[in-house]
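One-letter residues, chain by chain:
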Amino acid sequence: MKVAIYTLGCKVNQYETQAMEQELRARGHETVPFGREADAYVINTCSVTAAGDQKSRQAVHRVRREHPEAVVAVCGCWSQTHAAEARALGADVLTGTGDRMGFLGLLERAVRERGASKGAPLEAVDPPFERRQFEWLPAGGMEGRTRALLKVEDGCANFCSYCIIPYARGPVRSLPMGEAAVQAVELRNQGYQEIVITGIEISSWGRDLHQGTTLIDLLEAVSAAVPGMRLRLGSLEPRTITEEFCQRAAILPDLCPQFHLSLQSGCDATLKRMRRKYDTKRYLQSVELLKKTFRHPAVTTDLITGFPGETEEEFRETLDFIQTCGFARMHIFPYSERPGTPAAEMEQLPKVLRAERARIAAEAAAAMRRAYLEECVGRTEEVLFEQPAGEEGLFLGHAPNYAEVRAPGTELHNQIRPVKITRTDGETLFGELEE
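Definitions and cut-offs
- Residues numbered from 1 in each chain as written.
- Predicted model: local features only at pLDDT ≥ 70, side-chain atom pairs only at ≥ 80, totals over all residues.
- Heavy atoms only, no water.
- Helix = DSSP H or I, 4+ residues; strand = E, 2+ residues; numbered from the N terminus.
- Rg over C-alpha atoms; globule rule 2.2 N^0.38 Å.
- Contact = heavy atoms within 4.5 Å.
- Lys, Arg positive; Asp, Glu negative; His and termini not counted.
- Charge placed at Lys NZ, Arg CZ, Asp CG, Glu CD.
- Axes fitted to C-alpha atoms, helices over the stretch in contact; angles between N-to-C directions.
- Parallel < 35°, antiparallel > 145°, perpendicular 65-115°, else oblique.
- Left-handed = near helix turned anticlockwise from the far one by under 90°.
- Nonpolar A, V, L, I, M, F, W, Y, C, P; charged D, E, K, R; others polar.
- Buried < 20%, exposed > 50% of the residue type's maximum accessible area, 1.4 Å probe, protein only.
- Pairing = 2+ DSSP bridges.
- Disulfide = S-S within 2.5 Å.
- Arc of directions from axis to C-beta.
- Right-handed = clockwise from strand over helix to strand, strands pointing away.

Caption draft 1: Main features of the overall build of the protein chain. Scanning the protein chain for helices and strands turns up 13 helices and 18 strands. For the protein chain, whose C-alpha radius of gyration is 22 Å, the value lies close to the compact-globule estimate of 22 Å for 435 residues. With the principal axes as the frame, the protein chain shows a C-alpha extent of 65 × 55 × 50 Å. Put simply, 73% of the contacts in the protein chain that link residues at least 6 apart link residues at least 24 apart. For the protein chain, the distance from the average position of its 53 positive side-chain charges to the average position of its 61 negative side-chain charges is 2 Å.

Caption draft 2: Structural view of the packing of helix 11 (residues 280-293) against helix 12 (residues 312-325). For the pair helix 11 and helix 12, the least separation of the axes is 10 Å and the interaxial angle reads 20°. In terms of orientation, helix 11 and helix 12 fall into the roughly parallel class. Helix 12 is crossed by helix 11, and the crossing has right-handed handedness. Contacts between helix 11 and helix 12 involve Thr-280, Tyr-283, Leu-284, Val-287 and Lys-291 from the former and Phe-321, Thr-324 and Cys-325 from the latter. For the contact of helix 11 with helix 12, the class distribution of residues is five nonpolar, two polar and one charged.

Caption draft 3: Looking closely at the side chain of Thr-300. Locating Thr-300 in the fold gives a position in strand 12 (residues 298-305). With relative accessibility at 6%, the residue Thr-300 sits in the buried group. The contact partners of Thr-300, leaving out residues within four places of it in the chain, are Gln-258, Phe-259, His-260, Leu-261, Phe-327, Ala-328 and Arg-329.

Caption draft 4: How the structure looks around the sheet that holds strand 13 (residues 329-334). Read from one edge of the open sheet, three strands run 11-12-13, paired in parallel fashion. Looking at which strands have only one partner, the edges of the open sheet turn out to be strand 11 (258-260) and strand 13. Between one strand axis and the next, the sheet turns by 15° as a mean value, whatever way the strands run. In terms of strand pairing, strand 11 meets strand 12 through three bridges, oriented parallel. Its bridge partner lying in strand 12, Phe-259 is registered against Val-299.

Caption draft 5: Highlighting the state of the cysteines. Enumeration over the complete set of coordinates arrives at zero disulfides. The structure places no disulfide on Cys-160, whose sulfur is separated from the nearest cysteine sulfur, that of Cys-163, by 6.2 Å.

Caption draft 6: Molecular detail of helix 9 (residues 243-250). For helix 9, the full list of buried residues reads Phe-245, Cys-246 and Ala-249. Relative to the axis of helix 9, the buried residues are bounded by an arc of 95° and lie together on one face. Against the buried residues of helix 9 lie helix 8 (215-225), strand 10 (230-233) and helix 11.

Caption draft 7: Up close: the pairing of strand 1 (residues 2-7). With three bridges joining them, strand 1 and strand 2 (residues 30-32) adopt parallel strand pairing. Across the sheet, the residue bridging to Lys-2 is Glu-30, located in strand 2. Note on the crossover from strand 1 through helix 1 (residues 11-26) to strand 2: the handedness is right-handed. Relative to strand 3 (residues 40-45), strand 1 is paired through five bridges, and the arrangement is parallel. If you follow Ala-4 over to strand 3, its bridge partner there is Tyr-41.

Caption draft 8: Quick look at the sheet that holds strand 14 (residues 380-388). Around the barrel, five strands lie side by side as 14-15-16-18-17; this closed barrel has mixed pairing. Strand after strand, the sheet turns through a mean of 55° between neighbouring axes, direction not considered. One ladder, built from five bridges, connects strand 17 (residues 416-424) with strand 18 (residues 429-433); its direction is antiparallel. Looking across to strand 18, one finds that Lys-420 is bridged to Glu-432. Where helix 13 (residues 351-376) meets the sheet, its contacts fall on strand 16 (404-408), strand 17 and strand 18, and the angle it forms with strand 17 comes to roughly 120°.

Quick look at the structure:
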């Protein structure tokens, strides 16, 4: 059969889509772009924000309207937490965030039985809090890519007051260290130059294994298994960044100095309402440790504006705090109510105010971004090149700090080359290849 998959949301969803595509091809099926004619259309959904919910619904609507005879299959966080909505929209196959291989079996069955009288959808939405084992999925990546995702953890036990994801993903489950090393070797053998270590909350990796191992142990094992291959970390909680973590991580020869530390607010009162597990003092300690230990690291973050109860003074505290941290890049979101979470029951701020605060924070973030990139000018960075830049004679890639770099050259795909950075436009670095 021909299968098209549309992926919404985070790197974990991207990884799981790649694994499903790889398994479908191994079973003899063909994967095609989502705009092409197919026997089945899979929507791998997201529910981290209201916008994710809306895009998930719209994708199901679109396929049902444009391809009425095709099988429509829905999986992911939105269908886990909003199964009734997905069912009402006419999904033929409906699962959540578990058992992706079982989901593909239901998909095959639905295509085989297509043409029979339409009945209830084939469903397998399991209770997420009953999950105890990490679901093994085949390592791999999209064809033509230079970096691959390696999912090492699923689930979250933080239960921040605004977040639906623990209810969609269940408890923490970890990929054993040895299996992570084996998958890393497989990715290297497939030709990838870089691995992104990802998960729903990788700072909790190893908690369920009860072996006394933590994320830094995993990084050391993967680094030893694939010497010379770049390693990049997904989102981290501030508690991960300790003196010991930094000392051990700094001697890993291929760990990229980009650290995404979730912030969400720079005000202690707001962090407490969010049920975050740190205050601004502890967060700043993490930032300072990273900047002391690593050469010009890129410390990046997420920020939510307009959280319930956020006063003008609290927002100003956040603006002052992000300036103190000096982030290399920020992802800024107006607060989005998630029904079923404690924050959704709090008194809400007007959406226009949430958006305005996001705009103000984004202006500050853009200035910090430019300042960080200007500090890169004059340095030499080892750039992993990915594709032509769309401009005459320029090739695009990323430095270890994940800054986008453009340099003159051709046929550079999947090569790591030294580039002398000569200028920036505030978003991208430009440079010249060094021999």
